[in-house]
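# Close look at the chain arrangement
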Amino acid sequence: MPYRLLVLILALVLVLLLLLGFWVTSRLFLQRYGAAEERQAQIMRLTAWTFAGFGVGLVVVGVGGPVLGALAFTYTARNLTEVSWPVTLLWGATANGIVALIIGGALTALVLNQ
């Protein structure tokens, strides 16, 4: 039973790290390219859609989280700002790639330490 509780706590920590990574990236993107009004709402909207795309990509494709997450970031960022398609796609791919590497590294470290 304690093992299940430990797994649950570690899973919640990894999900929070994932959300934090997307939130930081969204905040940096909107500070650079976004409008000044309602910035916090825009950050949360961009974070939520990126997280949803990443999650659906992991569930449906297995390793498609960074791909669908980047596309979700791109479409949402294009609706919130007037930034070009390649710039938003690059930001989305970079954000999702970095977050996926961090989470993957954390999971690998946990598995190898067992």
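This text gives an overview of the structure that appears in the document. (Residues numbered from 1 in each chain as written. Predicted model: local features only at pLDDT ≥ 70, side-chain atom pairs only at ≥ 80, totals over all residues. Heavy atoms only, no water.)

### Details of the environment of glycine 55
Locating glycine 55 in the fold gives a position in helix α2 (residues 39–60). Here glycine 55 falls in the partly exposed class, since its relative accessible area comes to 29%. Sequence spacing of glycine 55 and asparagine 79 is 24 residues, and the spatial spacing of their C-alpha atoms is 21 Å. (Helix = DSSP H or I, 4+ residues; strand = E, 2+ residues; numbered from the N terminus. Buried < 20%, exposed > 50% of the residue type's maximum accessible area, 1.4 Å probe, protein only.)

### A closer look at the nonpolar core
Generally speaking, nonpolar side chains in soluble globular proteins are found buried as a group. The biggest cluster of nonpolar side chains holds 8 residues, and these are Phe29, Leu30, Ile43, Leu46, Phe73, Ala77, Leu80 and Val83. Listed by contribution, the elements that provide at least two residues to this core are α1 (2–33), α2 and α3 (65–80). In contact with leucine 80, not counting residues within four places along its chain, are Gln42, Arg45 and Leu46. The next biggest cluster of nonpolar side chains, apart from the first, holds 6 residues, and it includes Leu18, Phe22, Phe54 and Val99. (Core = buried A, V, L, I, M, F, W, Y, C linked by side-chain atoms within 4.5 Å. Contact = heavy atoms within 4.5 Å.)

### Remarks on the packing of α1 against helix α4 (residues 85–112)
The N-to-C vectors of α1 and α4 enclose an angle of 155°; their axes lie 10 Å apart at closest approach. If you check the angle between α1 and α4, you find them roughly antiparallel. Like other packed secondary-structure pairs, α1 and α4 cross with a definite hand, here right-handed. The residues of α4 that touch α1, namely those facing Leu10, Leu14, Leu17, Leu18, Gly21, Phe22, Thr25, Leu28, Phe29, Arg32 and Tyr33, are Val87, Thr88, Trp91, Ala95, Asn96, Val99, Ile103, Ala106, Leu107 and Leu110. For the contact of α1 with α4, the class distribution of residues is 16 nonpolar, 4 polar and 1 charged. (Axes fitted to C-alpha atoms, helices over the stretch in contact; angles between N-to-C directions. Parallel < 35°, antiparallel > 145°, perpendicular 65-115°, else oblique. Left-handed = near helix turned anticlockwise from the far one by under 90°. Nonpolar A, V, L, I, M, F, W, Y, C, P; charged D, E, K, R; others polar.)

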